[in-house]
Amino acid sequence: MKITETHIKGLYILEPKIFKDERGCFYETFNSKLFIRNNLSYFFVQDNEAESKFGVIRGLHYQHSTMAQAKLVRVTFGEVLDVVVDLRKGSPTFKSVFSIILSNENKKQLLIPRGFAHGYSVLSPSCLFQYKCDNYYAVSHEAGINPLDMSLSIDWKISEQDRIISSKDANLPFFNNARLD
């Protein structure tokens, strides 16, 4: 597996080695020994999965304080624009946005450290999105940033008339009013 750090410290793109033949393909999606060899010390405790249709924008979500989560995200069916925002105060990339296309075709994954807001938009007719977390979900520590916050300049690749955003996400605060610890 190829592991590449992005311009944001601690944020990695993972690209598996894919073995293809007439039956299909095989690839490894996670290997603890590989993470340890690359000084990526994560112990994942929860797996989540979301199924969505074209136009859905989920996020930007995070958990704060002691319940912050690192995530290893991937798409097993379909295609998304995956987006993260650096919320780490004091980071040289604070408030920086990073986006990447994740799909069942490219089989890329994104390793997101704690201290990031995360979201995605569905670019295919439907998708199946999976992610591992290194901390348990806690509703009392749930937080988010409005995905349409103009100060972040995120192009979700979905036209305004095709966007499907939950009322919960549409009512999240903008970055300047979000809870950041």
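The sections below set out a description of the structure shown in this document.

**What about the overall build of the protein chain?**
Item 1. For the protein chain, the count of helices and strands is two helices and 13 strands.
Item 2. Taking 181 residues into account, the globule formula puts the C-alpha radius of gyration at 16 Å, and the protein chain, at 16 Å, falls close to it.
Item 3. When the backbone C-alpha atoms are referred to their principal axes, the protein chain occupies close to 50 × 40 × 30 Å.
Item 4. When the 181 residues of the protein chain are sorted by exposure, 46% land in the buried category.
Item 5. Pairs at least 24 residues apart make up 80% of the contacts formed inside the protein chain by residues separated by at least 6 positions.
Item 6. Surface summary for the protein chain: the accessible area is close to 9700 Å², and the carbon and sulfur share equals 51%.
Item 7. Taking the average place of the 22 positive charges on the side chains of the protein chain and the average place of its 20 negative ones, the gap between the two points comes to 5 Å.

**Quick look at the pairing of strand S6 (residues 57–63)**
Item 1. Counting buried positions over the seven residues of S6 gives five, a clear majority of the element.
Item 2. Note that S6 and strand S11 (residues 116–122) share three bridges and pair antiparallel. Directly across from His61, in S11, lies its bridge partner His118.
Item 3. By the bridge criterion, three bridges tie S6 to strand S13 (residues 142–144) in an arrangement that is antiparallel.

**What to know about the sheet that holds strand S7 (residues 71–77)**
Item 1. Pairing within the open sheet is antiparallel, and its six strands lie in the order S1-S2-S10-S7-S12-S5. Strand pairing shows two members of the sheet lacking a second neighbour, strand S1 (2–5) and strand S5 (46–53), which therefore form its edges. Each strand axis lies, on average, 20 degrees off the axis of its neighbour in the sheet, ignoring direction.
Item 2. Across three bridges, strand S2 (residues 12–15) lies against strand S10 (residues 109–112) in antiparallel orientation. Bridge pairing links Leu14 to Gln109 in S10.

**What to know about unusual backbone geometry**
Item 1. A cis amide bond links Gly59 with the next residue in sequence, Leu60, at an omega value of 10 degrees.
Item 2. Along the chain, Leu60 turns up in strand S6.
Item 3. With a phi close to 55 degrees, Ser65 is a non-glycine residue in the positive phi region.
Item 4. Among the structural elements, Ser65 can be located in the loop between S6 and S7.
Item 5. For Ser65, a relative accessible area of 36% puts it in the partly exposed group.
Item 6. Its identity as a non-glycine residue notwithstanding, Lys157 has a phi of 65 degrees, on the positive side.
Item 7. Within the element layout of this structure, Lys157 appears in the loop between S13 and helix H2 (167–170).

**Quick notes on the packing of aromatic side chains**
Item 1. Applying the stated criterion across every chain yields a total of eight aromatic pairs.
Item 2. Centre to centre, the rings of Phe30 and Phe35 are 5.0 Å apart; their planes meet at 65 degrees, and the pair counts as edge-to-face.
Item 3. Between the aromatic rings of Tyr120 and Phe129, the centroid separation amounts to 4.0 Å while the plane-to-plane angle is 15 degrees, which identifies the pairing as stacked. As far as the burial class goes, Tyr120 and Phe129 line up, both buried.
Item 4. These aromatic residues form a ring-pair network of at least three members: Phe30, Phe35, Tyr42 and Phe44.
Item 5. Over the ring of Phe30 we find Lys132; its NZ or CZ atom is 5.7 Å from the centre of that ring.

**Quick notes on the environment of Asp162**
Item 1. Tracing the backbone shows Asp162 in the loop between S13 and H2.
Item 2. In sequence terms Asp162 and Gly55 are 107 residues apart; their C-alpha atoms lie 5.4 Å from each other.

Criteria and thresholds
- Residues numbered from 1 in each chain as written.
- Predicted model: local features only at pLDDT ≥ 70, side-chain atom pairs only at ≥ 80, totals over all residues.
- Heavy atoms only, no water.
- Helix = DSSP H or I, 4+ residues; strand = E, 2+ residues; numbered from the N terminus.
- Rg over C-alpha atoms; globule rule 2.2 N^0.38 Å.
- Buried < 20%, exposed > 50% of the residue type's maximum accessible area, 1.4 Å probe, protein only.
- Contact = heavy atoms within 4.5 Å.
- Areas by Shrake-Rupley, 256 points an atom, 1.4 Å probe, with all protein chains shown as cover.
- Lys, Arg positive; Asp, Glu negative; His and termini not counted.
- Charge placed at Lys NZ, Arg CZ, Asp CG, Glu CD.
- Pairing = 2+ DSSP bridges.
- Axes fitted to C-alpha atoms, helices over the stretch in contact; angles between N-to-C directions.
- Phe/Tyr/Trp six-rings, centres within 6.5 Å; stacked < 30°, edge-to-face > 60°.
- Lys NZ or Arg CZ within 6 Å of the ring centre and 35° of its normal.

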